[in-house]
Amino acid sequence: MRRLPLSSLWLAVVLLFGAGSPLAHVAQAHAATPVYGYEVVRTYPHDPNAFTEGLFLRDGFLYESTGLEGASSIRKIVLETGGVENERSISSQYFGEGIVDWKDRLIELTWKHQIGFVYGLDDFEARGEFSYEGEGWALTRDDKRLIMSDGTSRLRFLDPETLKETGGITVTDEGRPVDQLNELEWVKGEILANIWKSDRIARIDPASGKVTGWIDLTGLLPLEDRARTDVLNGIAYDAKADRLIVTGKLWPRMYEIRVVAKP
């Protein structure tokens, strides 16, 4: 049987019973996933040669990983000035990917080599390696586990001590899998995820994997700056100051934004 899309079903219910009817309210409850807009609060400098893969804030400093073979690095950066406090280049055979902090360690993925690296957070000295199946894209964490993306619709959970996989969720929007999940950030009990090659960020329920909303960042980087840049990628959250920072690969700026309802 051919089924009507939800938008058509909602219109039909309104036409038959009126917008104030109980059935209309039921249909409205199943309407499309909400889409949010943004306001720019402040801009910060960003290295236009940084092919951003991972991003997080800790103790007032920004930590960033960059990709591309022969150009991958991890960096500790002064957010307000863009000044680099510490940097480590990654072996040229690897394409560096996402990073996350856990206690006194910084943990990094690589794209296709199925190997990750562990460093000291303070000195970036090597502390170990770990392995995983498939590709490595991004990392974030809550208070108990690491959360990893691999380009598919599945987010993996990792034990932060052993770095072994302990489970995962499939991310869906209105029942449909959402893949190309890229850079991740844990914000107020939600997982925020860049969607590769898009200007949208998904807000994900970590228990169910359902997308509860979309943040549309269309127009954030002006058109005149787009010529030599790549995609939106990079989310960092400062819980103490309640500020959300986003950027992109090869972008000349980072943006502190406020998520707002679309008019």
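About the criteria used
- Residues numbered from 1 in each chain as written.
- Predicted model: local features only at pLDDT ≥ 70, side-chain atom pairs only at ≥ 80, totals over all residues.
- Heavy atoms only, no water.
- Pairing = 2+ DSSP bridges.
- Helix = DSSP H or I, 4+ residues; strand = E, 2+ residues; numbered from the N terminus.
- Axes fitted to C-alpha atoms, helices over the stretch in contact; angles between N-to-C directions.
- Phe/Tyr/Trp six-rings, centres within 6.5 Å; stacked < 30°, edge-to-face > 60°.
- Buried < 20%, exposed > 50% of the residue type's maximum accessible area, 1.4 Å probe, protein only.
- Core = buried A, V, L, I, M, F, W, Y, C linked by side-chain atoms within 4.5 Å.
- Contact = heavy atoms within 4.5 Å.
- Salt bridge = Lys/Arg side-chain N within 4 Å of Asp/Glu carboxyl O.
- pLDDT = per-residue confidence, 0-100.

Some remarks on the sheet that holds strand S7 (residues 105–110)
- If you trace the four strands from one edge of the open sheet to the other, you get S6-S7-S8-S9, paired in antiparallel fashion. Each having just a single partner strand, strand S6 (96–102) and strand S9 (126–131) make up the two edges of the open sheet. In this sheet, neighbouring strand axes are inclined to one another by 20 degrees on average, regardless of whether the strands run parallel or antiparallel.
- Across five bridges, the pairing between S6 and S7 is antiparallel. Each residue of the ladder has a partner; that of Val 100, found in S7, is Ile 107.

Section: the packing of aromatic side chains
- Applying the stated criterion across every chain yields a total of nine aromatic pairs.
- Between Phe 56 and Tyr 63 the ring centres are 4.9 Å apart and the planes differ by 10 degrees, which places this aromatic pair in the stacked class.
- Of the residues examined, Phe 56 reaches a relative accessible area of 5% and is grouped as buried.
- The exposure class assigned to Tyr 63 is buried, which follows from its relative accessible area of 3%.
- Through a chain of ring-to-ring contacts, three or more aromatic side chains come together here, namely Phe 51, Phe 95 and Trp 111.

Brief notes about the pairing of strand S3 (residues 61–66)
- Among the six residues that make up S3, five are buried, leaving the element largely enclosed by the rest of the structure.
- Alignment of strand S2 (residues 52–58) against S3, held across six bridges, turns out to be antiparallel. Among the inter-strand pairings, Phe 56 is bridged to a residue of S3, identified as Tyr 63.
- Linking two consecutive strands that pair antiparallel, namely S2 and S3, is a turn of two residues; a positive phi of about 55 degrees is found at Asp 59 within it.
- Of the pairings in the sheet, the one linking S3 to strand S4 (residues 73–78) comprises six bridges and is antiparallel in character. What sits directly across from Tyr 63, in S4, is Lys 76.
- Two successive antiparallel strands, S3 and S4, enclose a turn made up of six residues, where Leu 68 displays a positive phi of approximately 85 degrees.

Some thoughts on the nonpolar core
- In this structure, Leu 155, Val 171, Val 178, Leu 181, Leu 184, Ile 204 and Val 211 are the most contacted members of the largest nonpolar core, which totals 16 residues.
- Only strand S12 (154–158), strand S16 (181–187), strand S17 (190–195), strand S18 (200–204) and strand S19 (211–216) provide two or more residues apiece to this core.
- Of the residues forming this core, the biggest block, three residues, is contributed by S17.
- Counting residues in hydrophobic clusters, the runner-up holds 15 residues, among them Leu 217, Leu 220, Leu 232 and Tyr 237.

Digging into the pairing of strand S10 (residues 138–141)
- Here S10 pairs with strand S11 (residues 146–149) via four bridges, running antiparallel. Each bridged residue has a counterpart across the sheet, and for Ala 138 the counterpart in S11 is Ser 149.

Some thoughts on the environment of Asn 233
- On the secondary structure map, Asn 233 appears in strand S20 (residues 232–238).
- For Asn 233, the contacting residues outside a window of four places in its chain are Thr 52, Glu 53, Asn 182, Glu 183, Asn 194, Thr 247, Gly 248 and Lys 249.

Observations concerning the sheet that holds S3
- Taken together, four strands build an open sheet; the order of strands is S2-S3-S4-S5 and the sheet is antiparallel. The open sheet has two edge strands with one neighbour each: S2 and strand S5 (84–89). Geometrically, the sheet is characterised by an average inter-axis angle of 15 degrees between neighbouring strands, direction not taken into account.

Focus: the pattern of salt bridges
- Inspection of every chain in the model, using the stated rule, returns 21 salt bridges.
- Here Glu 39 makes a salt bridge to Arg 258, at a shortest N to O gap of 2.9 Å. Within this pair, whereas Glu 39 is found in strand S1 (residues 35–45), its partner Arg 258 is found in strand S22 (residues 253–261), the two being separated by 219 residues in sequence.
- By relative accessible area, Arg 258 is classed as partly exposed at 44%.
- Across the salt bridge formed by Lys 249 and Glu 53, the nearest N and O atoms sit 2.9 Å from each other. One end of the pair, Lys 249, is in the loop between strand S21 (243–248) and S22; the other, Glu 53, is in strand S2, with 196 residues separating them in the sequence.

Quick look at the confidence of the model for the chain
- Residue-level pLDDT values for the chain average 90, and 88% of them are 70 or greater.
- Predicted confidence is poor over residues 1–30, with pLDDT under 50, and the contacts of this stretch with residues over four places away or in other chains come to 16 contacts.

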